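Below are the chains, spelled out letter by letter.
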Amino acid sequence: MNPQTISTPQAADAGTASAIPIPNPLCEQPDFSVPAEMVAVLDELITHYPRKRSASLMLLHAVEERYGYVSRQAVEWIAARLELAPINVYELVTFYPMFHRQPTGRFHLRICRTLSCALRDSYKIHDHFCRKLGLDPHGHGAQTSKDGMFTVEFVECLASCGTAPVIQCNDTFHEEVTLEKADKILEGCK
Amino acid sequence: MPQEYRQILKYADAPGYTPDVECYLRHGGYQILKKTLEIEPKALPDGKSMSPAEQVRDQVKLSGLRGRGGAGFSCGLKWSFVDRRSGKPIYLICNADESEPGTFKDKQIIHKDPHQLVEGMIISCFANDVHLAYIYIRGEFAEGARILNRALQEAREKNFLGKNILGKGYDLEIHVHRGAGAYICGEETGLIESLEGKRAYPRIKPPYFPAVLGLYMCPTIVNNVETLCAVKHVVDLGPSEYAKIGTPNNTGTRIVSLSGLVKRPGYYEVEVGKVTIRELIYDPIFGGGLRDGRQLKAVIPGGSSSKILKAGERFKLKRKGPDGKDVEQELDMLDLPYDFDSLIAAGSMSGSGAIIVLDDSTDIVAALSNLSEFYAHESCGQCTPCREGSLWMSKALHRMANGQGRKGDADYLLKIADNIPGGRTVCAFGEACSWPVQSCVTKFKDEFVARGTQDEERRAAGSK
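Just so we're clear, the structure is a prediction, and the values are computed from it rather than from any experiment. (Residues numbered from 1 in each chain as written. Chains lettered and ligands numbered in written order. Predicted model: local features only at pLDDT ≥ 70, side-chain atom pairs only at ≥ 80, totals over all residues. Heavy atoms only, no water.)

(A) A look at the sheet that holds strand 5 (residues 172-174) of chain A. Residue and element names in this part refer to chain A. The sheet built from five strands is open, its strands ordered 2-3-1-4-5 with mixed pairing. Looking at the sheet topology across the chains shown, the edges are occupied by strand 2 (143-144) and strand 5. Relative to strand 5, strand 4 (residues 167-169) runs antiparallel, the two being bridged by three bridges. Counted as the bridge partner of cysteine 169 is threonine 172 from strand 5. Lying on the sheet, helix 7 (residues 122-132) is in contact with strand 1 (107-112), strand 2, strand 3 (150-155) and strand 4; it crosses strand 3 at an angle near 160°. (Pairing = 2+ DSSP bridges. Helix = DSSP H or I, 4+ residues; strand = E, 2+ residues; numbered from the N terminus. Contact = heavy atoms within 4.5 Å. Axes fitted to C-alpha atoms, helices over the stretch in contact; angles between N-to-C directions.)

Below is the structure:
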C-alpha cells in the first residue's frame, strides 16, 4: 500500500492538486518508534482476539496515550502489525473522537458539553479553561496551548451526569467542577 | 413510603467495601457461580434431560428480566434466539459503552463492584455455552478498564476464569476491549463492528441479527452491564422469587440515574414500577425536589433519546386494579410508575433509566439545541436521512438558540424530524435523534414559534 494515499501529497505535482490542503492530514513523525517492551504488551493484546484486526482500537489507544496523537508512521506501523492496509487503520482515526491527528498537550482536559453538564454550567468551565490558557472559547475541536502543555476539548457525555459538571484530565475524572476547582486542577497539572 | 431497594448496588457504597476479589469473597462473592456450576442435568418427564446451561436460561426467561440497556427487551428471549446449531462458537459481549446522555449507572458497578459483573458474566456465558467473551467499555473509562482488567486477573488466579473453572470442566476467557468515544458503539451491531476493528457502522437487520450473525459472523449475545449483574441475582433467588421484586412484566430492580436540576442528583436503585417519577424527583431520599423557588418544566425520562414529558401532561393508562381487572386510569406525568410499560404507554420510554430534570429556568430551545448537537456529532454517517437530518436540526436549533430564529422553524424542525425515522435508517439512531426534537417542538410549540417570531420581528425592525 502506497503511504501517500493517506498522507498529504508533499507537493508531488506542484500545480492545482497540491494547492488545495487536505483538512487535518496525518502528521509526519519521522522519529516514531515503539520500544520493545511496548511491542511485547501490544503483541499480547493481539492474542486476545481470534482476528488480529480486532486489536486495532487497542493499539491506537496505546499509541495515542504514548505520543498524544496518531501520526502517519503510527498508522503504518499498526497496519503492518495487524496485517492490514493503512487505510483500515486511518479510517478509524478519522471516525473515533478519542484519536487525534495533531499532537495534543501533556494534559488533556476533556469537558463534557452534553445536557446534564450544560445545565450545570459546563460551558462556563470550558470558557474559563480556554481564557486561562489563551485559547478560543468558541473554537472547534481540540485546542492545544502554545507551550504544548494543555489541550482543551469539549466532548460529549462522559457518563457522570449525577455529579455535573464533569471534566476529565487525562484519565482522571473531576466531578462537580466549579471555577475554583478548575483553577486547582490546572495548578495540579505539573 | 418509597424507598431504595439495593440489590446490585447492595455493597457498592458500603463503608470499607473495595473492588478487590478478597472483599468480594468476604461478601459471598462467586458463591452463585459455584452453585451454577454444580447444577445437575434435570430429567424431564418425557425422558429427555435438561442440561445445566438450559436450566439457567430457563430461569432467566421465567424471571421476566428485561434488558437494562435501553430497549427493555426480555433477556431470556434474547438468549433463546441464539443459533446453537450452527457449530460456530457463541460469543457474549458485555455492553459497557454507557454513553446515553444522562446515564451513569454502569460506571458505579464497574468502579465499585467489578467482580459482581464478572460473576454475572461467567454465569451468563456458562448458560450460553460461551467460551470467549468481551467487555466493551467506552474509551473514556480508562480507569474502569484498569479496574476490570485487575478484577479479571484476580478471577483467573482464583480459577473463576480460564481453563476448567473450579474443576467443573468449563472453560471461559473474558477480555476488556476499549471503545474510543463513539456513541454509536452502544448500538449492538455497531459495537460488534467496532470490536472487529472497524468503524462502528451498525449492520442492517435482517440478516445481521447478532444472535445468528454477530461477532465474526458467529452467534453473539450483547447484554448491558446491569442486565448481566441481574442474571446473578436471578440465579441466586430463583426466577419466582426474583419476579416478586418489582411489578408484573417489570421485574427486578433498576438503577435510576437522576441528573439535571434537582437538589440531589445521583443514582438510586429501586424496584421497577414501585416508585413514581414524582417520588424520584421530589422525595427527600431521592432527588429531594427542585432548587428553591423553581417550578418543574419537563422531564426527560429515559436518557436523552426518549421523548420528553412536559410538566402537567396527563396520560390514560390501563392498569390492573385490586381485583385483577384492567382499569383505565388518568395519571399526571409525575405519577407514572417508573417502569418499562407505563412509559411506553405514555409515548416515551424508560430507556437506560436516566432521568434528566429541567426546571423553569431552562431555555427549552437551548436545551434541545444542546441535545441535537450531540446527535449531529454522534451520527455514524452511514445513512443519509440521519447524517444530514441530525445536522440540519442541529444547525437550525443552534441558529434559534442564538437569536436567529424564524417563524417557520418549528414546522421546519418537525418536518426534518418526521423524515428520519421509521425504517429509513439502518439502526435506531434515526429514532433516537428525532424523538427529542419531535416531542420538544410539539409539546413546547408556542415557545419555539414565539422565539422565531420575536427574532423575525427584531430583524425586520432593523436591529440584529
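(B) Molecular detail of the pattern of salt bridges. Residues and elements named next belong to chain B. Tallying each qualifying case throughout the model produces 44 salt bridges over all chains. A salt bridge links glutamate 4 to arginine 6; the nearest nitrogen and oxygen atoms lie 3.2 Å apart. In this structure glutamate 4 comes out as partly exposed when scored by relative accessible area, which is 28%. Between lysine 158 and glutamate 22 there is a salt bridge, with the nearest N and O atoms lying 2.9 Å from each other. Highlighted residues: lysine 158 in the loop between helix 7 (142-157) and strand 5 (173-178) and glutamate 22 in helix 1 (residues 21-26), separated in sequence by 136 residues. Classification of glutamate 22 by relative accessible area gives partly exposed; the value is 40%. (Salt bridge = Lys/Arg side-chain N within 4 Å of Asp/Glu carboxyl O. Buried < 20%, exposed > 50% of the residue type's maximum accessible area, 1.4 Å probe, protein only.)

(C) Highlighting the domain arrangement of chain B. Residue and element names in this part refer to chain B. Along its sequence, chain B is organised into domain 1 (21-244), domain 2 (255-359) and domain 3 (364-463). Using C-alpha coordinates to define each centre, domain 2 is positioned 25 Å away from domain 3. In this assembly, twelve residues from domain 2 lie in contact with twelve residues from domain 3. Between domain 2 and domain 3 lies a buried interface of about 1,100 Å² when both sides are counted; carbon and sulfur atoms form 65% of it. If you sort the residues of domain 2 by the area they bury against domain 3, Lys297, Lys307 and Ile308 come out on top, with a joint share of 43%. (Domains from an automatic or database assignment. Buried area = accessible area lost by both parts, 1.4 Å probe.)

(D) Structural context of the interface of chain A and chain B. Opposite the 38 residues of chain A that make contact, chain B presents 57 residues. The contact between chain A and chain B buries some 3,800 Å² in all, and 58% of this surface belongs to carbon and sulfur atoms. Taken as a group, Phe95, Leu115 and Leu119 of chain A account for 16% of the area that chain A buries against chain B, more than any other trio of residues on that side. Between the two partners, chain A and chain B, sit four salt bridges.

(E) Highlighting the pairing of strand 3 of chain A. Residue and element names in this part refer to chain A. In terms of burial, strand 3 is largely enclosed, as five of its six residues are buried. In this sheet, strand 3 lies alongside strand 1 in parallel orientation, the contact comprising six bridges. Paired with phenylalanine 107 across the two strands is phenylalanine 150, which belongs to strand 3. Bridge count for strand 2 against strand 3 is two bridges, and the pairing is antiparallel. Directly across from glutamine 143, in strand 3, lies its bridge partner valine 152. The turn linking strand 2 back onto strand 3 is made up of five residues, and glycine 148 within it adopts a positive phi angle of 75°.

(F) Fine view of the environment of lysine 105 of chain B. All names here are of chain B. By secondary structure assignment, the location of lysine 105 is in helix 5 (residues 105-112). Along the sequence, lysine 105 and alanine 182 sit 77 residues apart, while their C-alpha atoms lie 18 Å from each other. Each residue touching lysine 105, except ones within four places of it in the same chain, is listed here: Arg68, Glu98, Asn224, Glu226, Ile255, Ser257 and Ser352. A distance of 3.5 Å separates the side chain of lysine 105 from the backbone oxygen of arginine 68, its partner in a polar contact. (Polar contact = N/O pair within 3.5 Å; in protein donor to acceptor, adjacent residues only side chain to side chain.)

(G) View of the packing of helix 13 (residues 364-378) of chain B against helix 16 (residues 429-443) of chain B. Residues and elements named next belong to chain B. Contact geometry for helix 13 and helix 16: axes closest at 10 Å, N-to-C directions at 170°. By the angle between their axes, helix 13 is roughly antiparallel relative to helix 16. Along its contact with helix 13, which presents Ile364, Leu368, Ser372, Tyr375 and Glu378, the element helix 16 presents Phe429, Ala432, Cys433, Pro436, Val437, Cys440 and Val441. When grouped by side-chain class, the residues that make up the contact of helix 13 with helix 16 number ten nonpolar, one polar and one charged. (Parallel < 35°, antiparallel > 145°, perpendicular 65-115°, else oblique. Nonpolar A, V, L, I, M, F, W, Y, C, P; charged D, E, K, R; others polar.)

(H) How the structure looks around the side chain of glutamate 140 of chain B. Inspection of the secondary structure puts glutamate 140 of chain B in the loop between strand 4 (132-137) and helix 7. Setting aside its immediate chain neighbours within four residues, glutamate 140 of chain B contacts Met98, Leu158, Gln168 and Phe173 of chain A together with Gly181 of chain B.

(I) Quick look at helix 4 (residues 72-81) of chain A. Residues and elements named next belong to chain A. Where helix 4 is concerned, the buried positions are Arg72, Gln73, Ala74, Val75, Ile78 and Ala79. On the buried face of helix 4, the contacting elements are helix 3 (56-67) and helix 5 (86-95). Two residues or fewer past helix 4, glutamate 83 is found with a positive phi of approximately 55°.

(J) Geometry of the packing of helix 3 (residues 52-63) of chain B against helix 6 (residues 114-127) of chain B. All names here are of chain B. For the pair helix 3 and helix 6, the least separation of the axes is 8 Å and the interaxial angle reads 115°. When helix 3 is examined against helix 6, the residues Pro52, Ala53, Val56 and Arg57 are found in contact with a partner set consisting of Ile123, Phe126 and Ala127. Of the residues belonging to the contact of helix 3 with helix 6, the class tally is six nonpolar, no polar and one charged.

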